Amino acid sequence: MTHPTQTTATTDDPFLWLEDIYAEDGLAWVRAENALTEDALVTPDFAVRERGILEVLDSTDRIPMAGKHGSHYYNFWRDAEHRQGIWRRTTWDSYASDTPAWELLLDVDALSAAEGTEWVWSGALFLRPVAGAPHDRVLVVLSPDGGDAARYREFSLDTLSFVDGGFDIPTAKSRISWAGPDALHVGTDFGPGSMTSSSYPRTVRTLRRGTGLAAAEQYFEVDEDHMIALVLHDSTPGFERDIAVDTIDFHTRRTYLRQDGWRLIEVPEDASISLHREWLIVRPRTDWIEAGTTHAAGALLVIALDSFLAGERTFATVFSPDPSTSLQSWSWTRDYLLLNLLRDVSSEIRILDPAKDWTADLLDACPPLHSVDAYAVDDEDDEDGNDYWLIATGFLTPSTLHRGTIGGDHTAVKSSPSYFDEDRFAVEQHFAVSTDGTRVPYFQLASKDLVLDGGNPTLLSGYGGFEHSMTPAYSGVIGRGWLERTTEEGRHGVYVLANIRGGGEYGPQWHHAALHANRHRAYEDFAAIAEDLVRRGVTSPALLGCTGRSNGGLLVGNMLTTYPHLFGAISCGVPLLDMRRYTKLSAGYSWIAEYGDPDKPEEWEYVQTFSPYHLLRDDVAYPKTLIWTATSDDRVGPVQARKMAAKMKDLDIPDVWFHEALEGGHAGAADNRQAARMHAMSFEFLWRALTGSL
């Protein structure tokens with residue numbers, strides 16, 4: 001098909017004033033639009049459904065996922081009583097019981113009240129203790145608004161308090177690691193010249209205890225137009241080393257070892273690599289010819305690091321992709337390598353034994369149309385080094401956490417409760433044929449008594465970017481918010497998840513197929529699924545809605561502007577939409593590798609063809625549209641959503657709604673209450689828009 005184009009010079013953009021995120025005139029516009037949207041959507045019935053979703057998010061019966069450090073299992077938890085959350089730990093025997101006894105480490109609600117800042121938990125970085133000692137020091141990471149910028153503060157697990165005079169790195173988009181008990185490798189905003197064009201650290205400096213940031217010694221730096229600099233200290237006993245990563249863009253990087261200076265690990269820049277003890281692991285993203293051997297894109301290669309550094313290039317190929325099967329992740333136990341695979345978007349797990357020439361066994365734990373992931377519990381534990389966690393979930397199967405030992409059995413430890421009547425629904429996988437003949441899979445969740453007459457309200461969701469795979473997963477939010485809702489005739493909502501190109505469901509080739517000038521393949525795939533749903537009688541265009549966030553927001557923005565005839569309503573969240581200026585907004589510069597550079601005329605020629613902001617017309621009948629975002633999102637930012645809504649309203653396009661959470665970061669929500677409002681508002685808009693009640 002043809003794609004309309006329209007070149008709009010930046011100076012002709014009448015909505016640039018909305019790019020000043022915290023300017024009062026822009027925030028006044030936001031508040032006015034929020035009021036209109038809330039007046040239309042927030043009704044007594046809406047409040048009931050919002051509470052139902054919040055019950056799911058706040059449920060005290062959900063699985064408290066934990067990470068093992070030493071003899072304790074650590075968990076961060078939010079519920080109705082702890083809106084901003086608590087950090088806590090317990091022992092294994094306690095964790096495995098029905099009623100774990102948790103030791104409170106940090107109450108973020110209490111901290112926020114004491115300090116007058118609405119802190120949002122962003123994680124904790126543990127310092128390896130000396131042999132035989134318990135863990136004590138951690139860096140607690142807290143964001144003041146839910147954005148990517150965060151503060152790093154040293155915390156003692158002995159005193160359960162922040163360390164007086166300890167490390168405290170001010171709020172910024174930092175990347176930090178322990179360099180030892182009395183030093184950090186710090187990538188942060190040190191002032192002019194220290195950040196990249198992507199708004200991430202350009203330099204890494206070593207900060208010694210008792211000194212200030214100004215005294216930190218420069219250790220590693222990258223070019224300003226690269227994405228980010230990072231240094232990690234590997235403290236594994238017997239394999240201590242510093243590793244530096246120059247991330248050039250989202251898909252290319254250079255990795256260095258510290259050996260009398262930085263030594264480049266000479267693999268293709270688009271390969272993913274990791275170091276584990278004596279092993280170097282490489283996953284090429286494109287075919288790699290080395291020493292006369294072609295290593296396929298998406299394969300996994302292993303070699304002894306010392307041999308590689310000495311010039312050896314004879315890799316063991318421990319995974320080879322095929323047209324149906326891709327590698328998603330890997331994890332080392334003490335003696336084995338676990339591979340998490342997808343075969344036509346259903347999970348498969350292999351256990352590899354390096355002591356037996358990497359022979360592989362299947363782990364019998366993966367039912368069809370489910371997502372199951374395995375990863376090590378603690379590969380350095382003397383007794384449990386070959387234990388693994390196993391997390392299994394399906395659209396209609398509440399998540400279960402198992403623990404197993406390689407060579408033995410795995411047993412269920414925790415299970416999520418049921419949040420809706422799963423027995424009333426069925427999961428199916430279908431394949432649509434895209435414009436170029438490619439078969440594209442999608443999952444369909446629908447009532448078992450679904451009538452294929454085109455009369456079912458249907459929600460199509462997708463992402464299609466950055467090699468991110470969309471896999472089966474249980475969601476009480478979708479169950480309550482969409483599947484269980486019924487029309488006056490008693491028809492349930494149908495939910496569909498698309499596995500379009502640009503994602504990673506079939507490995508790096510599936511991603512490469514929709515990069516840059518080929519971006520339209522992702523959109524053609526999504527449109528083909530929409531057409532297939534109509535062809536099969538599941539729904540009709542007037543009853544078909546779509547939703548996506550971030551890159552998925554760009555996806556549905558293109559459905560709005562290029563395929564408006566296929567949809568009755570669109571919910572577009574925290575989106576990219578102005579592809580002319582996206583590189584100048586928030587972290588947008590870092591995504592040039594995915595979309596192209598609009599400042600290069602030859603690349604703007606194709607980028608403009610999938611820039612929804614520039615494709616809007618005043619003579620097109622568009623679906624009803626909700627565009628939503630968050631003020632504190634410092635990754636995509638709120639301004640593209642603002643400008644798109646403002647332009648649509650300026651063109652007198654009817655049924656355009658906008659909502660901006662005044663906090664919440666790129667997730668759109670900083671706590672469960674905000675998340676429930678976000679989900680409920682999107683579902684409410686879509687349902688009412690499709691069923692004619694809006």
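An account of the accompanying structure is given in this report. None of these values were measured; they are calculated from a predicted model.

Scanning the chain for helices and strands turns up 14 helices and 39 strands. In summary, the chain has a C-alpha radius of gyration of 25 Å against a globular reference of 26 Å for 694 residues, a match within 12%. Across its three principal directions, the C-alpha atoms of the chain cover 65 × 60 × 55 Å. The buried share among the 694 residues of the chain stands at 59%. Counted over contacts in the chain with a minimum sequence separation of 6, partners at least 24 positions apart contribute 58%. Element-wise, carbon and sulfur atoms account for 49% of the exposed surface of the chain, whose accessible area totals about 27000 Å².

This paragraph deals with the packing of aromatic side chains. Under the criterion given, the structure shown has 36 aromatic pairs. Consider the rings of Phe 167 and Trp 178, whose centres lie 6.0 Å apart with planes at 75°: the pair is edge-to-face. In this pair, Phe 167 sits in the loop between strand 8 (161-162) and strand 9 (168-172) while Trp 178 sits in strand 10 (residues 175-180), placing the two residues 11 residues apart along the sequence. Pairwise contacts between aromatic rings join Tyr 74, Phe 76, Trp 87, Trp 121, Phe 126, Phe 155 and Phe 162 into one cluster. Across the ring face of Tyr 95, the terminal group of Lys 414 is positioned such that the distance to the ring centre comes to 5.2 Å.

Attention shifts here to the environment of Arg 313. Structurally, Arg 313 can be placed in the loop between helix 5 (305-309) and strand 23 (316-319). On the basis of relative accessible area, Arg 313 is assigned to the buried category, the value being 17%. Between the C-alpha atoms of Arg 313 and Ile 303, which are 10 residues apart in sequence, the distance is 7.9 Å. The residues contacting Arg 313, other than those within four sequence positions of it, are Glu 266, Glu 290, Ala 291, Ile 303 and Phe 308.

Within this structure, the stated rule accounts for 49 salt bridges. Put simply, Arg 403 and Asp 384 hold a salt bridge, and the shortest N to O gap is 3.5 Å. A residue pair is termed long-range when its members are at least 10 positions apart, and Arg 403 in strand 30 (residues 397-405) and Asp 384 in the loop between strand 28 (371-376) and strand 29 (387-394) qualify at 19 residues. Put simply, Asp 599 and Lys 584 hold a salt bridge, and the shortest N to O gap is 2.7 Å. One end of the pair, Asp 599, is in the loop between helix 10 (592-595) and helix 11 (601-607); the other, Lys 584, is in the loop between strand 37 (569-573) and helix 10, and 15 residues separate them in sequence. By relative accessible area, which is 45% here, Lys 584 ends up partly exposed. Three or more residues joined by partner-sharing salt bridges are found here, namely Asp 13, Glu 19, Asp 578, Arg 581 and Lys 643.

Attention now goes to the sheet that holds strand 19 (residues 279-283). Spatially, 4 strands are ordered 18-19-22-23 in an open sheet, and the strand pairing comes out antiparallel. Taken across any chain shown, the strands that pair with only one partner, and hence form the sheet edges, are strand 18 (272-276) and strand 23. Each neighbouring strand pair of the sheet contributes to a mean axis angle of 25°, computed without reference to strand direction. Bridge analysis of strand 18 against strand 19 gives 5 bridges, and the strand direction is antiparallel. Residue pairing for strand 19: Leu 275 is matched across the bridge by Leu 280.

Our focus in this paragraph is the packing of helix 8 (residues 520-535) against helix 9 (residues 551-562). Taken N-terminus to C-terminus, the directions of helix 8 and helix 9 make an angle of 65°; their axes are 10 Å apart at the nearest point. With respect to helix 9, the element helix 8 is oriented roughly perpendicular. Remark: the crossing between helix 8 and helix 9 carries right-handed chirality. Of the residues in helix 9, those in contact with Ala 522, Tyr 523, Phe 526 and Ala 527 of helix 8 are Leu 554, Leu 555, Asn 558 and Met 559.

This brings us to helix 8. Compared with the 22 Å implied by 1.5 Å per residue over 16 residues, the 22 Å span of helix 8 between its first and last C-alpha is a close match. Most of helix 8 sits out of view: 12 of its 16 residues are buried. Listed as buried for helix 8 are His 520, Ala 522, Tyr 523, Glu 524, Asp 525, Phe 526, Ala 527, Ala 528, Ile 529, Ala 530, Asp 532 and Leu 533. Lining the buried residues of helix 8 we find strand 32 (425-433), strand 33 (439-447), strand 34 (458-461), strand 35 (494-498), strand 36 (544-549) and helix 9.

Turning to the pairing of strand 31 (residues 410-415), a few remarks are in order. Two strands pair when backbone bridges link them, and strand 30 and strand 31 are joined in this way by 5 bridges, in the antiparallel orientation. Directly across from Gly 404, in strand 31, lies its bridge partner His 410. What sits between the antiparallel neighbours strand 30 and strand 31 is a turn of 4 residues, in which Gly 407 has the positive phi angle 90°.

For the rest of this paragraph, the subject is the sheet that holds strand 30. In spatial order, the strands read 28-29-30-31; together these 4 strands make up an open sheet with antiparallel pairing. Of all the strands in the sheet, the pair left with one neighbour each is strand 28 and strand 31. In this sheet, adjacent strand axes meet at a mean angle of 25° when their direction is disregarded.

A separate point is helix 2 (residues 44-58). Between its first and last C-alpha atoms helix 2 spans 21 Å; for 15 residues at 1.5 Å apiece the expected length is 21 Å, and the two agree. Buried within helix 2 are the following residues: Phe 46, Glu 50, Gly 52, Ile 53, Val 56, Leu 57 and Asp 58. Along its buried surface, helix 2 packs onto helix 1 (24-41), helix 6 (476-483) and helix 14 (672-691).

To continue, consider the packing of helix 1 against helix 14. For the pair helix 1 and helix 14, interaxial distance at closest approach is 10 Å and the crossing angle is 65°. Note that helix 1 runs across helix 14; the crossing there is left-handed. Contacts from Thr 37, Glu 38, Ala 40 and Leu 41 in helix 1 reach Met 681, Glu 684, Phe 685 and Arg 688 in helix 14.

Mapped onto the secondary structure, Arg 536 falls in the loop between helix 8 and strand 36. Polar side-chain contacts of Arg 536 include one of 2.9 Å to the side chain of Gln 444.

Of all 9 residues making up strand 33, 8 are buried, and the element is well covered by its neighbours. Joining the antiparallel neighbours strand 32 and strand 33 is a turn of 5 residues, in which Gly 437 adopts a positive phi near 90°. Pairing of strand 33 with strand 35, which is carried by 4 bridges, proceeds in the antiparallel orientation. Counted as the bridge partner of Tyr 442 is Ala 498 from strand 35.

Thresholds applied
- Residues numbered from 1 in each chain as written.
- Predicted model: local features only at pLDDT ≥ 70, side-chain atom pairs only at ≥ 80, totals over all residues.
- Heavy atoms only, no water.
- Helix = DSSP H or I, 4+ residues; strand = E, 2+ residues; numbered from the N terminus.
- Rg over C-alpha atoms; globule rule 2.2 N^0.38 Å.
- Buried < 20%, exposed > 50% of the residue type's maximum accessible area, 1.4 Å probe, protein only.
- Contact = heavy atoms within 4.5 Å.
- Areas by Shrake-Rupley, 256 points an atom, 1.4 Å probe, with all protein chains shown as cover.
- Phe/Tyr/Trp six-rings, centres within 6.5 Å; stacked < 30°, edge-to-face > 60°.
- Lys NZ or Arg CZ within 6 Å of the ring centre and 35° of its normal.
- Salt bridge = Lys/Arg side-chain N within 4 Å of Asp/Glu carboxyl O.
- Pairing = 2+ DSSP bridges.
- Axes fitted to C-alpha atoms, helices over the stretch in contact; angles between N-to-C directions.
- Parallel < 35°, antiparallel > 145°, perpendicular 65-115°, else oblique.
- Left-handed = near helix turned anticlockwise from the far one by under 90°.
- Expected span 1.5 Å × (residues − 1).
- Polar contact = N/O pair within 3.5 Å; in protein donor to acceptor, adjacent residues only side chain to side chain.

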